[in-house]
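Architecture and fold: a report
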Amino acid sequence: MQETLAILLSSNPVNNQIFWKMKKLLTTLLVGALCICCEKPSNHNSIIQESTNASSTVNLSEILANFRLIPLEKTPASLIFEVRKIVKNDGLFYILNGDKQLLVFDNDGLFVRQISSHGRGPGEYEVISDFDVNDDHIVILDIGKTHFYNKNGGYEKSIPIKFRGYKMKFLPGGNIIFNSSGEEDLLCIMNPDGQEISRYLKRGKRHMIRKMNPFIQIGEKIYFQDGTLANDIWCYDCKSGNDGMIKFVDDPDAVSADQEEEYVASQGFEYAGNTNSRMKVRGMNASKEKGMAITFKNDDVSAHLHIFEVGTGKSIRYEMAPSAQILEDITFSEMPYSLFATFNCAAENNLISVVQPYKIQENLEKNKDKSGNDNYENTKRIIGSLGDVYDANPLYF
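Residues numbered from 1 in each chain as written. Predicted model: local features only at pLDDT ≥ 70, side-chain atom pairs only at ≥ 80, totals over all residues. Heavy atoms only, no water.

Quick look at a negative patch on the surface
Residues Asp90, Asp135, Asp136 and Glu156 make up a contiguous surface patch of negative charge. Inspection of the secondary structure puts Glu156 in strand β14 (residues 155–160). Glu156 gets classed as partly exposed once you look at its relative accessible area, which sits at 40%. (Patch = residues over 30% accessible without salt bridge, like charges linked within 9 Å, V, L, I, M, F, W, Y side chains within 5 Å. Areas by Shrake-Rupley, 256 points an atom, 1.4 Å probe, with all protein chains shown as cover. Salt bridge = Lys/Arg side-chain N within 4 Å of Asp/Glu carboxyl O. Lys, Arg positive; Asp, Glu negative; His and termini not counted. Charge placed at Lys NZ, Arg CZ, Asp CG, Glu CD. Helix = DSSP H or I, 4+ residues; strand = E, 2+ residues; numbered from the N terminus. Buried < 20%, exposed > 50% of the residue type's maximum accessible area, 1.4 Å probe, protein only.)

Structural data, given as C-alpha cells:
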C-alpha cells in the first residue's frame, strides 16, 4: 500500500516558527497518510535502518496512493486566522486557531463545532497552549491546568497541574506527557487526575527553541528529539514504561545532543551555519505506518527528505537542495512545501500540512503550461470555487 495525502488550504497566515530559516510562508494545509504494511516498531538503535537514495525525480502525486483538496467551510463561527496545530481523530479535524479557539471540521471540511470558549468560567480557557484528542476525550492545556471535554465538546473537568507545561500529548491508556516551558526537567508524565508519574531529561541550552509538535507517536512508542537539530531521539515505550535514547540515523557526521549542547553554549544557534560538515535533523513526523524527516548539511548546501517505513526502518532519501527530486504537481509550488509543513500536525493515519489559496493561484498562473493536466485542472477548479482566495478559509489536501 502506498502513501496517501490530503491537504488543507488556508488563506490565513500560518505560524511557521518550526520551519527554521524558511524564507517563504507555507500556505496549504496538507493532510497526508503515508501507508504501507503495518508492523511494530523495531528495537534497533536508530529509526532509519536502511537508506536508499532516490535515483531520479518524481512527482509528488506519484508518491501518494491518493489525495484530495477539501475546502474548509467558512462561517462567522469558523473564520481561520492563524493555524497553530491540527489533530485528526476519528474522521474529524481539530484546528487550533490562534491561542483562544479550538475548531472542529469533518472529513468533508464542514464546520462541526467550537470546543468551549475563551473566558474564566467553568470549562472556559484563558490561553490554549496546546491540545490533544484521543478516542474518548479532548484535552486543552491552559495556564496551570488542563480542561477535559467529551468528543461532543461537553465539558467534564479541569485539573490543576504544577508542572509548567508548554506542549502535551495523550499517551495510549490515557496518561498525558508534557513538555516543560521552564522546569529543570524537560518532560513529565501525569495521569488524567494530574498526579505525576515520572519526569525525564534535564533541560539544556539546546532545548531553548520550542517546537510546535515535539511528540511523535509510532505505535506504543513516543519519540522526542533531544535538542533542536540533534540526531538523538528520546524514546518512551508506553506499554512497558521503559525509556531510552536512540538515533534518528546511524551517521557519524550527525550532530549528537551533547555536541549540540556544546555548540549552542559557545556559538548560540548560529552553530548550525558554522558546523558545515555536520548533519542536522530538522524535524520529524510519522503516521501509523510511515514517517518523514528533513536533514541538511551546510558544506555542500544539501538538504534531504527521508520517507521511512515505521516497521522496518527502510528509507528513501530524496534530495531537496540544491535541487529538488520531488516535483510538486498538486499545488504546483517550486518546492514541495506542503510536505515540509507536516511537522505541525498529528494524525494516526495521515500527515498534515499548510498552504494558502492565493499562493496556489499564483502557482497555477506560473504553470499554465501544465494546463490540461488532470491534477492542474482539478486544483484550478477547487481554487476557483473559493471565490476571493485572499478571504477564503482553509481546505485540506
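From this point on, the discussion continues.
Concerning the sheet that holds strand β15 (residues 165–170)
Strands sit in the order β15-β16-β17-β18 across an open sheet of 4 strands; the sheet is antiparallel. Of all strands in the sheet, those bounded by a partner on one side alone are β15 and β18 (196–202). Averaged over all pairs of adjacent strands, the angle between their axes in this sheet comes to 20°, without regard to strand direction. (Pairing = 2+ DSSP bridges. Axes fitted to C-alpha atoms, helices over the stretch in contact; angles between N-to-C directions.)

Some words on the packing of helix α5 (residues 357–366) against helix α6 (residues 374–384)
Running from N to C, α5 and α6 point in directions that differ by 135°, and their axes come no closer than 10 Å. When the axes of α5 and α6 are compared, the pair comes out oblique. Both α5 and α6 take part in a crossing whose hand is left-handed. Counting all contacts with α5, which are made through Pro357, Ile360, Gln361 and Leu364, the residues of α6 involved are Tyr376, Thr379, Lys380 and Ile383. Of the residues contributing to the contact of α5 with α6, the split by class is 5 nonpolar, 2 polar and 1 charged. (Parallel < 35°, antiparallel > 145°, perpendicular 65-115°, else oblique. Left-handed = near helix turned anticlockwise from the far one by under 90°. Contact = heavy atoms within 4.5 Å. Nonpolar A, V, L, I, M, F, W, Y, C, P; charged D, E, K, R; others polar.)

Section: the nonpolar core
With 25 residues, the main nonpolar core has Ile63, Tyr271, Leu305, Tyr318, Met320 and Ile326 as its most contacted residues. Breaking this core down by element, the ones donating at least two residues are α1 (60–63), α2 (257–267), α3 (271–274), β24 (290–297), β25 (302–309) and β26 (314–321). Counting residues in hydrophobic clusters, the runner-up holds 18 residues, among them Ile216, Ile246, Val249 and Val281. (Core = buried A, V, L, I, M, F, W, Y, C linked by side-chain atoms within 4.5 Å.)

Focus: α2
Within the sequence span of α2, burial applies to Ala257, Glu260, Tyr263 and Val264. Across the axial projection of α2, the buried residues extend over an arc of 120°, all falling on one side. In α2, the exposed positions angled more than 90 degrees off the buried face are occupied by Asp258, Glu262, Ala265 and Ser266. Looking at the buried residues of α2, the elements they touch are β21 (232–237) and α3. Gly268 occupies a position one or two residues after α2 and carries a positive phi of about 75°. (Arc of directions from axis to C-beta.)

Considerations on the sheet that holds β26
The mixed open sheet is built from 5 strands, whose spatial order is β4-β26-β25-β24-β23. Looking along the sheet, the strands with just one partner apiece sit at the ends: β4 (50–53) and β23 (280–286). When strand polarity is set aside, the average angle formed by the axes of neighbouring strands in this sheet is 25°. Two strands pair when backbone bridges link them, and β24 and β25 are joined in this way by 8 bridges, in the antiparallel orientation. If you follow Phe296 over to β25, its bridge partner there is Ala303.

Here's the deal with the confidence of the model for the protein chain
The share of residues in the protein chain with pLDDT of 70 or more is 83%, and the mean pLDDT across the chain is 84. Across residues 1–6, where pLDDT falls below 50, the model places 40 contacts with residues more than four positions away in sequence or in other chains. Below a pLDDT of 50 lies the segment residues 10–43, which in the model reaches 161 contacts outside its immediate sequence neighbourhood of four places, other chains included. (pLDDT = per-residue confidence, 0-100.)

Details of unusual backbone geometry
The amide bond that connects Ala321 to the next residue, Pro322, takes the cis arrangement and shows omega of 10°. Phi at Ser116 is positive, roughly 50°, even though this residue is not glycine. Within the fold, Ser116 resides in the loop between β10 (111–114) and β11 (130–133). Residue Ser116 is classed as partly exposed on the basis of its relative accessible area of 24%. Phi angles above zero are rare outside glycine, and Phe332 is one such case at about 65°.

Some points on the packing of aromatic side chains
If you walk through the whole model with that rule in mind, you get 10 aromatic pairs. Ring geometry for Phe215 against Phe224: centres 5.5 Å apart, planes inclined by 40°, an arrangement best described as tilted. Each member of the pair, Phe215 as well as Phe224, is classed as buried. Each residue in the set Tyr200, Trp234 and Tyr236 is aromatic and connected to the rest through ring pairs, giving one cluster. When the ring centre of Phe148 is taken as origin, the NZ or CZ atom of Lys157, which lies over that ring, is 5.0 Å away. The lysine or arginine in question, Arg210, covers the ring of Tyr166, its NZ or CZ lying 4.4 Å from the ring centre. (Phe/Tyr/Trp six-rings, centres within 6.5 Å; stacked < 30°, edge-to-face > 60°. Lys NZ or Arg CZ within 6 Å of the ring centre and 35° of its normal.)

A few points about the pairing of strand β19 (residues 215–218)
Sheet analysis places β19 next to strand β20 (residues 221–225), joined by 4 bridges and oriented antiparallel. Across the sheet, Ile216 pairs through a bridge with Tyr223, a residue of β20. The turn joining β19 and β20, which pair antiparallel and follow one another in sequence, is formed by 2 residues; a positive phi near 65° is taken by Gly219.

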